[in-house]
Each structure stands twice: as structure tokens, then as C-alpha cells.
Amino acid sequence: MNVLIVEDDDGVADALREVLSGHGYQVHRVATGLEAMEHITSAQLVLLDLGLPDLDGHEVCRRIREHSCVPVITLSGRATEMDRVMALHMGADDFVAKPFSRYELLARMRAVLRRTTPCPQHPQAATAGPRSVPVLPDSPEPRSAAPRTVAGRETDRTAAPPPPMCAGPLRLDPRTRQVLLDGTEVRVTRREFDLLAMLIEEPGTVWEREDIMDRVWDENWFGSTRTLDVHVGSLRTKLGHKDWIETVRGVGYRLTVSATPEPCGESR
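Criteria and thresholds
- Residues numbered from 1 in each chain as written.
- Predicted model: local features only at pLDDT ≥ 70, side-chain atom pairs only at ≥ 80, totals over all residues.
- Heavy atoms only, no water.
- Pairing = 2+ DSSP bridges.
- Helix = DSSP H or I, 4+ residues; strand = E, 2+ residues; numbered from the N terminus.
- Axes fitted to C-alpha atoms, helices over the stretch in contact; angles between N-to-C directions.
- Contact = heavy atoms within 4.5 Å.
- Patch = residues over 30% accessible without salt bridge, like charges linked within 9 Å, V, L, I, M, F, W, Y side chains within 5 Å.
- Areas by Shrake-Rupley, 256 points an atom, 1.4 Å probe, with all protein chains shown as cover.
- Salt bridge = Lys/Arg side-chain N within 4 Å of Asp/Glu carboxyl O.
- Lys, Arg positive; Asp, Glu negative; His and termini not counted.
- Charge placed at Lys NZ, Arg CZ, Asp CG, Glu CD.
- Buried < 20%, exposed > 50% of the residue type's maximum accessible area, 1.4 Å probe, protein only.
- Expected span 1.5 Å × (residues − 1).
- Arc of directions from axis to C-beta.
- Polar contact = N/O pair within 3.5 Å; in protein donor to acceptor, adjacent residues only side chain to side chain.
- Core = buried A, V, L, I, M, F, W, Y, C linked by side-chain atoms within 4.5 Å.

(A) Spatial organisation of the sheet that holds strand E9 (residues 165–167). Strand order in the open sheet formed by 4 strands is E9-E10-E11-E12, with antiparallel pairing between adjacent strands. Only two strands of the sheet have a single neighbouring strand rather than two, namely E9 and strand E12 (184–186). Each neighbouring strand pair of the sheet contributes to a mean axis angle of 25°, computed without reference to strand direction. In terms of strand pairing, strand E10 (residues 170–173) meets strand E11 (residues 178–181) through 4 bridges, oriented antiparallel. From the neighbouring strand, Asp173 faces E11, where its bridge partner is Gln178. Lying over the sheet, helix H6 (residues 190–201) contacts E9, E10 and E11, oriented at roughly 115° with respect to E10.

(B) Focus on the side chain of His58. Tracing the backbone shows His58 in helix H3 (residues 57–67). Non-local contacts of His58, meaning those with residues more than four positions away in its chain, are made with Leu50, Arg78, Asp83, Met86, Ala87 and Met90.

(C) Fine view of a negative patch on the surface. Judged by side-chain charge, Asp8, Asp9, Asp14 and Glu18 come together as a negatively charged surface patch. Note on placement: Asp9 falls in the loop between strand E1 (2–6) and helix H1 (10–22). Owing to a relative accessible area of 31%, Asp9 belongs among the partly exposed residues under this scheme.

(D) Structural view of unusual backbone geometry. A cis amide bond, omega -5°, links Lys98 with the succeeding residue Pro99. Relative to the assigned elements, Pro99 resides in the loop between strand E5 (94–97) and strand E6 (100–101). Even without being a glycine, Arg177 presents a positive backbone phi close to 55°. Among the structural elements, Arg177 can be located in the loop between E10 and E11.

(E) Main features of the pattern of salt bridges. Overall, the coordinates contain 15 salt bridges when judged by the stated rule. Two residues, Asp94 and Arg108, come together in a salt bridge whose shortest N-O distance is 3.0 Å. Separated by 14 residues along the polypeptide, Asp94 in strand E5 and Arg108 in helix H5 (residues 102–116) bring together distant segments of the chain. A salt bridge links Glu192 to Lys238; the nearest nitrogen and oxygen atoms lie 2.7 Å apart. Of this pair, Glu192 sits in helix H6 while Lys238 sits in helix H8 (residues 226–239); the two residues are 46 residues apart in sequence, bridging distant segments of the chain. Overall, Glu192 belongs to the buried group, its relative accessible area being 4%. Among the charged side chains, a network of salt bridges with common partners joins Glu59, Arg62, Arg63 and Glu66.

(F) Structural detail: H1. For H1, spanning 13 residues, the distance from its first C-alpha to its last is 18 Å, which sits close to the expected 18 Å at 1.5 Å a residue. Within the span of H1, buried status applies to Val12, Ala13, Leu16, Val19 and Leu20. Within H1, the buried residues cover an arc of 135° as seen down the axis, which keeps them to one side. Opposite the buried face of H1, at more than 90 degrees from it, the exposed residues are Glu18 and Gly22. Looking at where H1 begins, the residue whose side-chain oxygen comes 2.9 Å from the main-chain nitrogen of Gly11 is Asp9. Of the residues one or two after H1, Gly24 is the one with positive phi, at around 90°.

(G) Molecular detail of the nonpolar core. Of all hydrophobic cores here, the largest spans 28 residues; its most connected members are Ile212, Leu228 and Leu255. Looking at this core, the elements that each hand over two or more residues are E9, E10, E11, H6, helix H7 (209–217), H8 and strand E16 (252–255). For Leu255, the residues in contact, after removing those within four places along its chain, are Ala167, Leu196, Leu199, Ile200, Pro203, Gly204, Thr205, Trp244 and Ile245.

(H) Up close: the sheet that holds strand E13 (residues 207–208). Strand order in the open sheet formed by 3 strands is E13-E16-E15, and the pairing between neighbours is antiparallel. Two strands in the sheet have a free side with no partner beyond their single neighbour: E13 and strand E15 (245–248). Strand direction decides the pairing type here: E13 and E16, joined by 2 bridges, are antiparallel. Bridging from a neighbouring strand, Glu208 pairs with Gly252 of E16.

Next up, the structure:
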């Protein structure tokens with residue numbers, strides 16, 4: 001199975017190549033829309049990033065459809081309803097928003113290939129002419145009931161809930177997933193809570209970007225680490241103290257608020 005990756009970000013492209021090659025796909029990568037058109041005839045599936053340097057990804061998708069019925073999955077950090085609708089309108093078979101896990105991408109690839117491959121039970125349903133049935137890589141083993149996670153780490157469902165964590169006027173309760181600042185709740189997203197929970201574990205400790213991404217977003221995440229900077233910026237704004245989360249240039253982040261010396265009990 002030949003997969004054409006159209007992606008100008010070297011980091012994302014290399015990660016995709018590694019994962020797909022490990023699952024038995026033959027991968028060719030190009031970085032521009034014009035290069036994609038030159039290699040489209042040899043592709044059996046296309047992973048198309050919408051933010052290309054030369055042509056808009058929607059236009060590339062339209063041009064592909066003028067010459068080929070090859071399955072196309074678009075990838076984009078722009079995930080508004082209009083972006084998704086436009087991609088599908090221009091001929092994409094699916095839309096995957098960044099960031100995404102490798103398991104989701106592989107599952108969507110398999111689903112698209114099933115839909116675009118003639119069904120032996122209903123051969124009359126095929127409209128694009130005969131195609132050979134691709135040999136698809138096995139899907140990952142199903143997991144048992146998903147364990148509960150706190151700051152990206154698995155916890156035993158039968159274990160007692162972890163105690164609240166405090167630093168200065170901050171209090172995080174993993175059981176209720178609440179963030180309190182001087183006793184007043186601060187509304188945060190799931191990722192923001194997990195990020196802050198990781199930082200508050202060891203105030204003053206510098207956490208590397210890669211470790212934060214692996215734990216909060218998981219190791220199967222694809223995309224730019226810019227999403228981490230966005231979440232940090234949002235937390236700084238919500239907490240009202242931009243200096244509480246310090247950027248350590250070239251390394252990562254740390255929480256500068258001192259840990260509470262006494263046990264972290266009920267909110268004050």
C-alpha cells in the first residue's frame with residue numbers, strides 16, 4: 001500500500017513516516033502541493049495537510065479529484081466546521097484535526113480504504129472500476145476498560161482518589177478536577193488541568209517540553225508542540241499571574257509558586 005504524505009512540517013512528516021512504515025505501508029513524502037500532483041498517480045492513499053507553502057490544501061484536493069479517485073484524508077490544525085466542510089466539498093474522504101493520535105489516524109485510514117474498495121458481497125456498488133483489495137495492517141489490540149487518568153497518568157479505579165495538591169494560593173483537586181485560586185474556582189479545560197497538575201506536583205522543577213507532551217497529550221500525539229505554548233498562555237491568563245508559569249528557554253516550563261508547607265486540606 002503506497003501512501004503519499006503531503007506535509008511541509010518536517011517533524012510531523014518524519015513522525016508519520018515512522019509510524020506508517022512500522023505498520024507495513026510504503027511511504028513517499030512531498031512538501032508542496034505541486035509536488036503532490038507529480039506523484040499522485042503512484043499513490044493509493046493521500047494524507048494531505050491543508051497548510052502548504054505553495055497552494056492551499058483545498059485547491060490541491062480539488063486538483064487531485066480532477067485526475068484521480070485516490071482516497072484523500074486531509075490533516076489540519078484548522079478544525080472549524082467550515083474547514084471540515086470545505087475539505088469534504090473539495091473531494092476529501094475524511095478530515096483529521098491536529099493534534100491526533102496514531103491509533104485514530106490508522107483507524108481512519110482503514111475506514112477510508114474499506115469505503116473505497118469494492119465490496120465482494122456487493123460488486124455492483126463499486127463505481128470507480130475494479131481495484132485490488134489492499135492488505136491492511138492489523139489494528140491495535142483492544143484495551144480493557146480504560147483506567148482513570150490524572151495529569152495523563154493511569155490510576156487504579158479501586159484506589160483511593162489522590163489528595164488535593166496545593167502551591168501558594170493554588171489548590172487542585174484531582175477527584176473533582178477543580179482548580180481553586182484563593183478559594184475561588186478557576187474554570188479550565190481538561191488539558192489545562194492535566195498540565196497544571198503536572199507542574200504543581202513539584203513546584204520549581206523544570207519539566208521538559210517532550211515530557212509534558214508525552215504525559216498530557218500522550219506519546220502518540222502528532223503535530224507541532226506549539227499547542228503546549230497555547231495552553232500555557234491560556235493558563236497564565238486564567239490564573240492572572242503570568243510569572244507563575246515560567247518558560248525555561250530551550251527546555252520547558254516550571255511552576256514558580258512555592259509549595260504549601262502544611263497538608264493541603266479543604267479549600268480556604
